[in-house]
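Below, each chain spelled out in residue letters.
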Amino acid sequence: MSTLHSSQAPAGRRPTNPLTRFGAKRLAAAVLAIVCAAFVLEASSYPYMDWLGPGSGFFPMWVGSLCLLAALGMLIFGSSPAGNPPLPTDGEADLAEDRTLARMRIGGTIVILVLTGFALQPIGFNIAAAAMITALLLLYGTRPVIAVLAGLVGAPAVFFLFAALHVRLPVGPLGF
Amino acid sequence: MDSTFGLWVQGISAALEPSNLLFAFVGCIIGTLVGVLPGLGPAAAMAILIPFTYDLGPVPAIVMLSAIYFGTQYGGTITSVLVNVPGESTSVVTCLDGHPMAKSGRAGAALGIAAIGSLFAGLVGTFLLMVLALPLSSLALRFGPVEMFALLVVGLSLVMSFRGGSLLAAFAMTMIGLMLGLVGLDPVQGAPRFTFGNHNLFDGVQLVPVIMGLFGISELLASLEERSPQPITRKITSLLPFKEERKDAALAITRGTGVGFALGIIPGMAGIVPTFMAYALEKRVSKHPERFGHGAIEGVASAEASNNAHAQASMVPLLTLGIPGTATLAVMMGAFMINGITPGPFLFVDHPEIVWTVIGSFIVGNVVLFILNFPLVHVWVQILRIPSRYLHVAILIFCLLGAFTLRNNTFDVMVMIAFGVLGYIFKKLDWPTVPLVIAIILGPLLERALRQSLELSDGDASVFVTTPVSAGLLGLAFLVVAVSVLSGLRPVKRLSSRFSNPAGKADQKP
Amino acid sequence: MQALKTLRLIAPLAVSLAAMALAIVPASAQAEYPNQSIRLIVPFSAGGGTDLGARLVAEDLERTLGVSVVVENLPGAGSQLGLTELANAPADGYTIGAVNQPAFDTIILVPERQAAFDIDSFDYLINHVAEPLIIAVLPESPYQDLGQLVADVAARPGELRVATSGLLTPEHLAQLQLERVADSRLRIAHFNGASESMTQFRGGRTDIAFTTSSFLEGLRPLAILSPERSPALPDIPTAVEQGYPDLVMVSTRGFAVPDGVPAPVLEKLRAAFAEVASSPEHQARAAASNLSVEVIAGEDYDAYVRANHEAARPLVELAQRPRN
């Protein structure tokens, strides 16, 4: 019973997470405060009241100001630890040992997504998606042969699935 | 009443037409399939699957969408039980007892009772929806912008009041949601606000990419940090609970259904609240509360029943007033509108055949899902064995396409990625994203309703207190805020502290 | 690291493929028009009225022109996104767009919207569908004709309530016309779409309905705002014949190409569209989908678009002014 309990206790995970450290939360609150301040500033350029009542600047002003207050509150008092019921974790789901690898994967995934998003219309879905599948799988550590194969098979498969559903995906200048 | 009954029969038989039945089957299968994928909750799963309904025409599209809706929910349950990864906040409660059950070799019973509970709650919930929908919709016709404004104020006050986590963070997230909802052409003069001259923002921040980013991409990014959790893939033998558990489980299902439906009618009441309340209720009435958190079947039963009853009940404000109460329903509403159907009281008057087919399809969807799951549960388990990197890539491709095909617009893809990154950061900060999404939905409705009220009253703001319904609702909202501020949210805090240490009590008395 | 390596391999490949493609396209475009597929931009969502009409046209156009016509929905910002894409497309006749008036006019005429195009950015091909607005009341209303309504609006400024399906929609513009005609003021409330605004009317929160033929059931129509009576609704008198020549509001859907398309291509397109839209078989299919086809072809359409645009200008200015 005791082993079950210790493996389920979620507390052990939190301190290892850099973002939940006090400083990171305050940094986030500060960023939010700046965003809110800019929002309020922009809102002040819209008419606050008009002939009927609240104008187009009314809600933005109030919402922005309240958010600014909340952000300042978190900056000063810190946001109290979450009461969100943490999951009973399994122990196996601990952080990957190599945190740099994890960060590289996250960063790489975002970059690949952005590149694919921008490439979708100019070069067409098939090429963009094949490249995306191959690149992502390589990033996640699949063998190159398999990654390339998955890209070459996967992209057209999705394309034809959508075509069968009468959803036209962008094609490149070569017509595929 | 006779004519109402006729409408019910019509709706159910329309949903039972062979072609619609086929769409219900397909919807259940792909819904469960996508819902099973770890880290993909119903809202994100629905968003991904919208393109599949573009070309179907209104009725089949809706039949398929509601099947997908129930499918994704059940798929999420499977993942919660076997992998301990909840697709969305409500499934957390299912994890609490479902996963321990699976670890002790009773995954089948957990999934079985979840399916039975969902079916019961789904059928009872749909029945209540049928009974309530028509009278409520005729009431809703008398519901003008004044009353709508007051109801939305109640909804938003609830969003901020019922939440886990830091008081300030939840408040800030609600405000961030409202701020995002203000982007676009304003409802007053039609002038752009906060668009930075970008025409893509004139219609506001598109909800579907936001939801896919916050609930799909961010989960995926977070999971890249962890070793993929190992699903429990021991062979599932029996889907039925032990004989001596059955009575308790049945009672738990009944109570869960009641709690889920009663609270689900209120717009803005996220599913997490009734689910936790139902769970807490079970723990309180149980003769063996110490079993909770270690595989109590009542825990799974009540959580799943209240979850599904809530899903049905939240259809009431959607269909009668056009207010989507949850992120998943907002996606569903978007899909309705893509198919040319605007939820609201008008729907009952002008397209009763569509409404009743929708409601009929809920019954069919629930039953089809139930029937499908018994033979297919082994297949779903197999999917969890596919190496997670292939699943990740598939999810990313479908998210990308879901965001893009919405308006054939690259900008929306970038919005999705941006919210994926933001959602990841929010996750790390423990800032809750559900209030943000609900606020994005309700905020613009609130501003419009206020403006419309004043336009119709010629600037006379006293209408909000001289209209009885509105005065009553505003009073209620005031009470909600007052109570939650004064009590420091004691009930919720108590609840969450209990869950943060689920095994606490059990240690003293193993 | 492996990923970076792959990217380094893939990027030049993609670039060279794109370059090859670019080299091919102009060469093929030199042959006789049309010899490749045509893009038909619909600046509204799939499934809406504009999309429906455009898809009908595209189907028939494929047969007439002998190349495929691919409908591409680019909704957003009340057609501004799709029209921007159309205005920026090459003027070679291979990109066509659907244009709705008055939505198109209001985008151009509201300065805050910073439209990247104006009325001269396009060459106009043909008008396809015309939907006149109808002023209607409930059967128990005291108004028997438009005259009584206008008199009451004039007598009670700021009292009568109306709903639009959005800011600067045809309903809104028509209500502004009514205000001008009666020299009075209405309480105008803006809703999201026609079904919402009609919900307000049915719920008794507005007094006059500005609507279209599909919402007429159970209402008493007072006037149709087309220049002449509609063939589909011959019993509804026009506002013009009731003595109000300034009450005309028809929302129209036509087709346009980016400005500067070579004259022979433009002529060919105009002829093809006219042939398609004038065929009885096409009009019958459109009627089955509740679309009333009203063909205004070529130069006539160009003049029509410009006249409508000028008519919308003072109304948009009126809408922008503070009201009291």
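Counting from 1, residues in each chain are numbered in the order their sequence is written. Lettering for chains starts from A, numbering for ligands starts from 1, and both go in the order in which the items are written. Confidence filtering applies because this is a predicted model: local features only for residues at pLDDT of at least 70, side-chain atom pairs given and counted only at 80 or more, and all residues used for totals across whole chains, interfaces and linings. Working from all heavy atoms in the structure, the side-chain values ignore hydrogens and water.

Caption draft 1: Seen up close, the sheet that holds strand β8 (residues 209–211) of chain C. Residues and elements named next belong to chain C. Between any two strands, at least two bridges found by DSSP are needed for them to pair. Secondary structure follows DSSP: runs of H or I at least 4 residues long count as helices, runs of E at least 2 residues long count as strands, and numbering of each begins at the N terminus. As summarised here, the arrangement of the three strands in space is β8-β5-β9, forming an open sheet in which the pairing is antiparallel. Of all the strands in the sheet, the pair left with one neighbour each is β8 and β9 (220–224). Within the sheet, the average angular offset between the axes of one strand and its neighbour, ignoring direction, is 30°. Across three bridges, strand β5 (residues 134–137) lies against β8 in antiparallel orientation. Within β8, the position partnered with I134 by the bridge is T211. Axis angles are defined between N-to-C directions and span 0 to 180 degrees, where every axis is a line fitted to C-alpha atoms and, for a helix, only to the segment in contact.

Caption draft 2: Region of the structure containing the sheet that holds strand β3 (residues 95–101) of chain C. All names here are of chain C. Read across the open sheet, the six strands follow the order β2-β1-β3-β10-β4-β11; overall the sheet is mixed. Where the open sheet ends on each side, the last strands, each with one partner, are β2 (69–73) and β11 (293–297). Between one strand axis and the next, the sheet turns through 25° on average, direction left out of account. Note: strand β1 (residues 38–42) against β3, three bridges, orientation parallel. Looking at the pairing, L40 lines up with I96 of β3. In what follows, a contact means two residues having at least one pair of non-hydrogen atoms within 4.5 Å. Taken strand by strand, helix α8 (residues 263–278) contacts β3, β4 (122–132), β10 (250–258) and β11, and its axis lies near 20° from that of β4.

Caption draft 3: Local environment of unusual backbone geometry. Residues and elements named next belong to chain C. With an omega of -10°, the peptide bond running from Y33 to P34 counts as cis. One can find P34 in the loop between α1 (2–29) and β1. Put simply, Q101 and P102 share a cis peptide bond, and its omega is 5°. With respect to the element layout, P102 can be found in the loop between β3 and α4 (103–109). Positioned with a positive phi, L168 is a non-glycine residue whose angle comes to about 60°. Along the chain, L168 turns up in the loop between β6 (161–164) and α6 (170–182). Think of it in three bands: residues with accessible area under 20% of the maximum for their type are buried, residues over 50% are exposed, and the middle band is partly exposed, with areas taken using a 1.4 Å probe on protein chains only. The exposure class assigned to L168 is buried, which follows from its relative accessible area of 12%.

Caption draft 4: Examining the packing of aromatic side chains more closely. The pairing test for Phe, Tyr and Trp rings, Trp by its six-membered ring, is centres within 6.5 Å, and the orientation test on the planes gives stacked under 30 degrees, edge-to-face over 60, and tilted for anything in between. By the definition in use, this model includes 23 aromatic pairs over all chains. For the ring pair F58(A) and F59(A), a centre distance of 5.8 Å and an interplane angle of 80° mean the geometry is edge-to-face. Look at F59(A) and you get buried, because its relative accessible area is 14%. Ring centres 6.1 Å apart and planes at 85° place the aromatic pair Y124(C) and Y301(C) in the edge-to-face group. Note that Y124(C) is positioned in strand β4 and Y301(C) in helix α10 (residues 298–320), a separation of 177 residues in sequence.

Caption draft 5: Here's a closer look at a nonpolar patch on the surface. There is a patch of nonpolar side chains on the surface, built from V145(A), I146(A), V148(A), L149(A), L152(A), V153(A), I386(B) and Y390(B) and spanning about 690 Å² of accessible area. Ranked by the residues each element gives to the nonpolar patch, the list is headed by helix α6 (residues 144–164) of chain A, at six residues. Locating V148(A) in the fold gives a position in helix α6. Patch membership is restricted to residues that have no salt bridge and whose relative accessible area is over 30%. Joining uses 9 Å for like charges and 5 Å for the nonpolar side chains Val, Leu, Ile, Met, Phe, Trp and Tyr. Using a 1.4 Å probe, the Shrake-Rupley method yields the accessible areas, and only the shown protein chains count as cover for residues. Take a side-chain nitrogen of Lys or Arg and a carboxyl oxygen of Asp or Glu: if they are within 4 Å of each other, that pair is a salt bridge.

Caption draft 6: How the structure looks around helix α10 (residues 246–264) of chain B. Residues and elements named next belong to chain B. Given a helix with a known number of residues, its expected span is that number minus one, times 1.5 Å. The end-to-end C-alpha separation of α10 is 26 Å, in line with the 27 Å expected for 19 residues at 1.5 Å each. Inspection of α10 places A249, A252, I253, G256, T257, V259, G260, F261, L263 and G264 among the buried residues, and these make up the whole buried set. If you follow the buried residues of α10, they end up packed against α6 (107–141), α11 (272–285) and α12 (297–313).

Caption draft 7: A look at the pairing of β3(C). In terms of residue burial, β3(C) counts as a mostly covered element, since seven of its seven residues are buried. What you see with β3(C) is no split at all: T95(C), G97(C), V99(C) and Q101(C) on one side and I96(C), A98(C) and N100(C) on the other are buried throughout.

Caption draft 8: Inspection of α6(A) at higher detail. Here α6(A) is 21 residues long and its end C-alpha atoms lie 30 Å apart, about the 30 Å a rise of 1.5 Å per residue gives. Two residues or fewer after α6(A) comes H166(A), characterised by a positive phi angle close to 65°.

Caption draft 9: Structural detail: the pattern of salt bridges. Applying the stated criterion to the full structure yields 26 salt bridges over all chains. A salt bridge links R291(B) to E298(B); the nearest nitrogen and oxygen atoms lie 2.9 Å apart. The partner of E299(C) in a salt bridge is R270(C), and the shortest N-O contact between them spans 3.1 Å. Of this pair, E299(C) sits in helix α10 while R270(C) sits in helix α8, and the two are 29 residues apart along the sequence. Each of E59(C), D60(C), R63(C), E281(C) and R285(C) takes part in one network of salt bridges that share partners.

Caption draft 10: Broad picture of the UniProt feature "transmembrane region" (unreviewed entry) in chain A. Residues and elements named next belong to chain A. UniProt positions are given in the numbering used here, feature names are shortened, and annotations may be inferred rather than shown by experiment. Sites flagged by UniProt as "transmembrane region" (unreviewed entry) map to residues 59–77, 110–139 and 145–167. Its end C-alpha atoms 27 Å apart, residues 59–77 is made of 100% helix and 0% strand. Within residues 145–167, the helical portion is 87% and the strand portion 0%, while the C-alpha atoms at the span's ends are 30 Å from each other.

Caption draft 11: Broad picture of the environment of L406(B). Mapping L406(B) onto the fold places it in helix α17 (residues 388–407). For L406(B), a relative accessible area of 17% translates into the label buried. Each C-alpha atom of the pair L406(B) and P209(B) lies 8.8 Å from the other, and the pair is 197 residues apart in sequence. Dropping the residues within four chain positions of it, L406(B) is found in contact with Y54(B), Q206(B), V208(B), P209(B), I338(B) and P75(C).

Caption draft 12: Just the nonpolar core, in detail. Of all hydrophobic cores here, the largest spans 219 residues; its most connected members are L32(A), F125(A), L82(B), I397(B), W431(B) and L436(B). The dominant element in this core, judged by the number of residues it contributes, is helix α16 (residues 352–383) of chain B, at 15 residues. Split by domain, this core shows at least three residues from each of two domains, domain 1 (2–77) and domain 2 (99–164) of chain A. If near-sequence neighbours (up to four positions away) are discounted, F125(A) is found in contact with L120(A), A130(A), A155(A), V158(A), F159(A), L169(A), P170(A), I397(B) and L401(B). Nine residue types can take part in a nonpolar core, namely buried Ala, Val, Leu, Ile, Met, Phe, Trp, Tyr and Cys, and a core is a set of them joined through side-chain atoms within 4.5 Å. Counting residues in each nonpolar core, the second largest holds 34 residues, with L109(C), I135(C), L247(C) and L315(C) among its members. Either an automatic procedure or a domain database provided the assignment from which the domain bounds are taken.

Caption draft 13: Quick look at the packing of helix α3 (residues 42–49) of chain B against helix α4 (residues 58–83) of chain B. Residue and element names in this part refer to chain B. Relative to each other, α3 and α4 sit at 145°, their axes nearing to 9 Å. Classified by chirality, the crossing of α4 by α3 is right-handed. Contacts between α3 and α4 pair P42, A45, M46 and L49 from the former with L65, I68, Y69, T72 and Q73 from the latter. Amino acids are sorted into nonpolar (Ala, Val, Leu, Ile, Met, Phe, Trp, Tyr, Cys and Pro), charged (Asp, Glu, Lys and Arg) and polar (every other residue, Gly among them). For the contact of α3 with α4, the residue count by class is seven nonpolar, two polar and no charged. For a crossing to be left-handed, the near helix must be turned anticlockwise from the far one by less than a right angle; the clockwise case is right-handed.

Caption draft 14: Region of the structure containing the side chain of S197(C). Along the polypeptide, S197(C) turns up in helix α7 (residues 194–202). What S197(C) contacts, discounting residues up to four positions off in sequence, is A163(C), T164(C), S165(C) and F191(C).

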